[in-house]
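This is what each chain is made of:
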Amino acid sequence: MVALKNYIKAMAAIVVNAVPLVSQEVGVMVGQVGVMVGQVVERHLTGCHLVLITTSRHSHVSSSIIRRWNGDMEAGVIVEAGPVTSQDQLDHLLQGQDQLDHLLQGLWTDARTTCRGLVLDLTSNNNTSHILEFLEMSGLWKLPETVVIAIGGRAGVRAVLLHHSLRNTVHALYLALHHDLYLALHHASLYAIQVALHNASLHISSHFGTSVAQRPKKQAESSSCVLVYRRCLYCNTGEPDVQLVHRCFPTSPTLPMDHLFHEQFHNLLGHKIKFSSMIFFPYMDYRSNNNEQGSSMTLVDSLNTRLFLDFARRLNVSFEVQEQPEHSWGVEKAGKFSGMMGQLQREEIDVCGPLAPHNERIKVMEFLNVYKADMMKIVSLKPTSLPQHLSPIRPFSGELWVALLVSVVAWGTTLWLQQRVWQWSVVGLRVELSAALLYSWGALLQTPPTVPSVSSSGRVLVGTWLVFCVVMITGYSSSLMAHLTIVGKTTPPETFEDLVSRENWKWGIESYMLNGAVILYFTKHSDPVVKEIYRKMEALTITEALEKVKKGGYSFLSMNYFISITVASRYADKYGQTPFYISKNEITLFISFGLGFRKGSPLFPRFEQLVQRLVISGIMQHWTDELVAKRVRDEKEAAQQDHSVLLDNTTHDDTFLVYKIGNADDNEDYNTM
């Protein structure tokens, strides 16, 4: 009994004296954690924008990291965001939008750096959810290239690395401390008792054996180990997962840098990419298996289909292609998009397209320029021969005829006035006004009457007029010969200005185009001509529009690829002649055309790299030309086999044939874009 009392007293004394020893051991481990974080910064984040966020107001780990950053290590810009310890702090930030914007601007933005690093001190086990919620609110998901390093307990590894706020983060590490060390950072006395028991057991091993002394030693070895976990985006059959990459001890804190960050996106292990689209040939084409929304579809050869096959082969990915339920690219209202862009904004899909970029869309997507932008063309009736009975007046324009008539009257009047003044001053013959006018007109017709002038000044005036007549007659004769040799044609409109300037001329566009980037072009354009085009524009189907075009006085606005294929395949004879004229001038509605990725998508840089190779090598343009030619051939064959399409009532008008299409409603299936 006395021995037991003495043992208890000895244990109590050792526990009291063990607190400095515990602090010393904890300090060693905390220092080693700072060393490991410093190794990552020196190797991958030198000169970068570094952010430190803690869950404790007085964190030993954060202090160790800051001391190393302020030492001889080269760092870029260091931002200590401070502790996020409670939900009240988050609510306070959300209520003060100006304060939040100021914090986020300093948190991620700095013009002096091109890379970012984030260190999370999660050694307080009560506030992890608050700090992760803060990361989601701060927009970390928009910055996939940010390197994230978290320090915390082993129990929170998966909860942190697989949190929704890190869904786009490519490189994320978690330094997992042993449970004993983790608790010791906040409850040093408890850890001191464990060490005290260990030291006491060394003194009484002769009374109770060596097993008591061995257990704390093993526990100390276990507690001195730091496990390093890595977040991998696509290692779990294409889904995110957590991997243990290294174990660190105080005696060997060096990390294997070559194996920490090796996500190169060469093999995504079957990762499924959700893609939303609409028919817009040659960029995208498919056939719906039924008329229900969200039904399965069969892809048809197009640029997107070829890209899918190429990406699937190179990256080991699969594509889940969905038809856009609203058949709309999307319009913004109060910051929220509808249609395809709305799906992307809500992160219901990963990629969408084809589409054109503009200021509102860029805010909610990453745009990848893939294709050559399609241009708008004006489709009108093919030029017809001008009436032959008007050939004598076509050599001169209307303005020139009016100017010539005015010149005849003005010269005749001048000659008459000059002769009247001469008559008043010197008695002489009188010249009538009618005689002067008839002479000026007769000289142009090369049959002038007798010269009415009797003075020297009158003869000079007549000589000048005769020279003028020679010039005008020569120009008229040569131009008349050219017009009689080559039959003149009407001039179809080439630009918006031509459409607006023509009297009683009308134009239309397909209704499906009056949304997305096209409608923004017409509604937000400052040019009054474009505004006038939009004001008088009619929305109709392509079949209705082309029927109106054939009647004359009407033009149809359409995209180049689509209308060229339609006219060449459905409205051309075996010689390639059509009743329609497609303008040579191109109207640029948007500068580029491509795919939209959800904001912060980690796949965007890899897809951009692959696409640029296809564009620079000329493969994309080759594919485009090949698809257009193939579609024209297929549509011609389909039209020949379709006996409901008849080419009758053909009339001949010098250089082209005008066709009348029967049952043209069959063309309405081309309006599904």
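Residues numbered from 1 in each chain as written. Predicted model: local features only at pLDDT ≥ 70, side-chain atom pairs only at ≥ 80, totals over all residues. Heavy atoms only, no water.

What follows covers the sheet that holds strand β8 (residues 271–277). Taking strand neighbours across the sheet as the criterion, the five strands line up as β11-β8-β14-β21-β15 in an open arrangement whose pairing is mixed. In this open sheet, the two strands that pair with only one neighbour each are β11 (317–323) and β15 (365–371). The average angle at which neighbouring strand axes cross in this sheet is 30°, direction not considered. With six bridges joining them, β15 and strand β21 (residues 593–598) adopt antiparallel strand pairing. (Pairing = 2+ DSSP bridges. Helix = DSSP H or I, 4+ residues; strand = E, 2+ residues; numbered from the N terminus. Axes fitted to C-alpha atoms, helices over the stretch in contact; angles between N-to-C directions.)

Among the secondary structure elements, Cys469 is positioned in helix α17 (residues 456–485). C-alpha of Cys469 to C-alpha of Leu444: the two residues are 25 residues apart in sequence and 5.3 Å apart in space.

Turning our eyes to something else, we now look at helix α19 (residues 516–524). Within the span of α19, buried status applies to Gly516, Ala517, Val518, Ile519, Tyr521 and Phe522. Elements that come into contact with the buried residues of α19 comprise α14 (359–362), β16 (376–381), α18 (496–501), β17 (506–510) and α20 (528–535). (Buried < 20%, exposed > 50% of the residue type's maximum accessible area, 1.4 Å probe, protein only. Contact = heavy atoms within 4.5 Å.)

With that settled, the discussion passes to the pattern of salt bridges. With the rule as written, the count across this model stands at 17 salt bridges. A salt bridge links Glu136 to Arg167; the nearest nitrogen and oxygen atoms lie 3.0 Å apart. Of the two residues, Glu136 is situated in helix α5 (residues 128–138) and Arg167 in the loop between α6 (157–161) and β5 (172–177); the sequence distance between them amounts to 31 residues. Among the residues examined, Glu136 registers a relative accessible area of 26% and is labelled partly exposed. (Salt bridge = Lys/Arg side-chain N within 4 Å of Asp/Glu carboxyl O.)

For the rest of this paragraph, the subject is the confidence of the model for the protein chain. Across the protein chain, the average pLDDT comes to 77, with 73% of residues at or above 70. The secondary structure element of the protein chain with the lowest average pLDDT is strand β23 (residues 656–661), at 34, and the one with the highest is β21, at 94. Long-range and interchain partners of residues 643–673, a stretch whose pLDDT sits below 50, account for 70 contacts in this model, where long-range means more than four residues apart. (pLDDT = per-residue confidence, 0-100.)

Burial analysis of β5 places six of its six residues in the buried class, which makes it a mostly covered element. Across six bridges, strand β4 (residues 147–153) lies against β5 in parallel orientation. Paired with Ile151 across the bridge in β5 is Leu175. Where β5 meets strand β6 (residues 226–236), four bridges bridge the pair, whose relative direction is antiparallel. Within β6, the residue paired with Leu175 across the bridge is Val228.

Under the defined criterion, the tally for this structure stands at two disulfides. Between Cys48 and Cys115 runs a disulfide, and the two sulfur atoms are separated by 1.6 Å. Of note, the bridge from Cys48 to Cys115 carries an S-S torsion of about -90° and is left-handed in sense. Of this pair, Cys48 sits in the loop between α1 (2–44) and β1 (49–54) while Cys115 sits in the loop between α4 (97–108) and β3 (116–121); the two residues are 67 residues apart in sequence, bridging distant segments of the chain. Classification of Cys48 as buried rests on a relative accessible area of 1%. For the protein chain, the bonded cysteines pair up as 1-2, 3-4 when numbered in the order they occur along the sequence. (Disulfide = S-S within 2.5 Å.)

Taken in spatial order, the five strands make up an open sheet running β18-β17-β19-β16-β20, and their pairing is mixed. Of all strands in the sheet, those bounded by a partner on one side alone are β18 (538–540) and β20 (580–582). Strand-to-strand twist across the sheet, computed as the mean angle between neighbouring axes with direction ignored, equals 30°. Strand direction decides the pairing type here: β17 and strand β19 (residues 554–559), joined by four bridges, are parallel. Note that in β19 the partner of Lys506 across the bridge is Tyr554.

A word on the packing of aromatic side chains. Tallied over the full model, the rule gives 23 aromatic pairs. Measuring from ring centre to ring centre gives 5.5 Å for Phe597 and Phe604, while their planes differ by 80°; the resulting arrangement is edge-to-face. Like Phe604, Phe597 is buried. Sitting above the plane of the Phe281 ring, Arg631 keeps its charged end 3.9 Å from the centroid. (Phe/Tyr/Trp six-rings, centres within 6.5 Å; stacked < 30°, edge-to-face > 60°. Lys NZ or Arg CZ within 6 Å of the ring centre and 35° of its normal.)

Once that is clear, we can look at the environment of Val119. Tracing the backbone through its elements, the reader meets Val119 in strand β3. In this structure the C-alpha to C-alpha distance between Val119 and Ile53, which are 66 residues apart in sequence, comes to 6.4 Å. In this structure, Val119 is in contact with Val37, Val51, Leu52, Ile53, Ile65, Trp69, Ile149 and Ile151, ignoring residues within four places of it in sequence.

Our next topic: the packing of helix α15 (residues 398–425) against helix α16 (residues 433–444). Viewed as axis vectors pointing N to C, α15 and α16 meet at an angle of 135°, and their least axial separation amounts to 8 Å. With respect to α16, the element α15 is oriented oblique. The hand of the α15/α16 crossing is right-handed. Of the residues in α16, those touching α15 at Leu404, Val408, Val409, Trp411, Gly412, Thr413, Leu415 and Trp416 are Leu433, Ala436, Leu437, Tyr439, Ser440, Trp441 and Leu444. Across the contact of α15 with α16, the residue classes break down as 12 nonpolar, three polar and no charged. (Parallel < 35°, antiparallel > 145°, perpendicular 65-115°, else oblique. Left-handed = near helix turned anticlockwise from the far one by under 90°. Nonpolar A, V, L, I, M, F, W, Y, C, P; charged D, E, K, R; others polar.)

With that out of the way, let us pick up helix α2 (residues 60–69). Since there are 3.6 residues in each turn of an α-helix, residues three or four apart along the chain are aligned in direction. Turning to α2, its buried residues are Val61, Ser62, Ser64, Ile65 and Trp69. Axial view of α2: buried residues confined to an arc of 160°, hence all on one face. (Arc of directions from axis to C-beta.)

This brings us to unusual backbone geometry. Cis geometry marks the peptide bond from Phe281 to Pro282, where omega comes out at 5°. Tracing the sequence through the fold places Pro282 in the loop between β8 and β9 (286–288). Of note, the amide linkage connecting Gly353 to Pro354 takes the cis form, showing an omega dihedral of 5°. Of note in this structure, Leu269 is not a glycine but carries a positive phi near 55°. Of note, Leu269 is situated in the loop between α11 (257–260) and β8.

Attention shifts here to the nonpolar core. Grouped together as the largest cluster of nonpolar side chains are 76 residues, with contacts concentrated most on Tyr371, Met376, Phe496, Phe522, Leu557 and Phe590. Look past the residues within four positions of Tyr371 in its chain and what remains in contact with it is Tyr283, Leu303, Asn304, Leu307, Pro354, Phe593, Gly594, Leu595 and Met620. (Core = buried A, V, L, I, M, F, W, Y, C linked by side-chain atoms within 4.5 Å.)

This next bit is on the side chain of Ser569. Here Ser569 is to be found in helix α22 (residues 560–570). At 2.6 Å, the side chain of Ser569 forms a polar contact with the backbone oxygen of Ile565. The contact partners of Ser569, leaving out residues within four places of it in the chain, are Val632, Glu635, Lys636 and Ala639. (Polar contact = N/O pair within 3.5 Å; in protein donor to acceptor, adjacent residues only side chain to side chain.)

Within the secondary structure layout, Arg230 lies in strand β6. On the basis of relative accessibility, which here comes to 4%, the residue Arg230 falls in the buried class. Polar side-chain contacts of Arg230 include one of 2.6 Å to the side chain of Gln243.

Quick look at the environment of Cys115 now. Residue Cys115 is classed as partly exposed on the basis of its relative accessible area, which comes to 24%. Along the primary structure Cys115 and Leu50 are separated by 65 residues, whereas in three dimensions their C-alpha atoms are 8.7 Å apart.

With that settled, the discussion passes to the pairing of β1. Summarising burial for β1: six of the six residues are buried, a large majority. Across six bridges, β1 lies against β3 in parallel orientation. Paired with Val51 across the two strands is Leu118, which belongs to β3.

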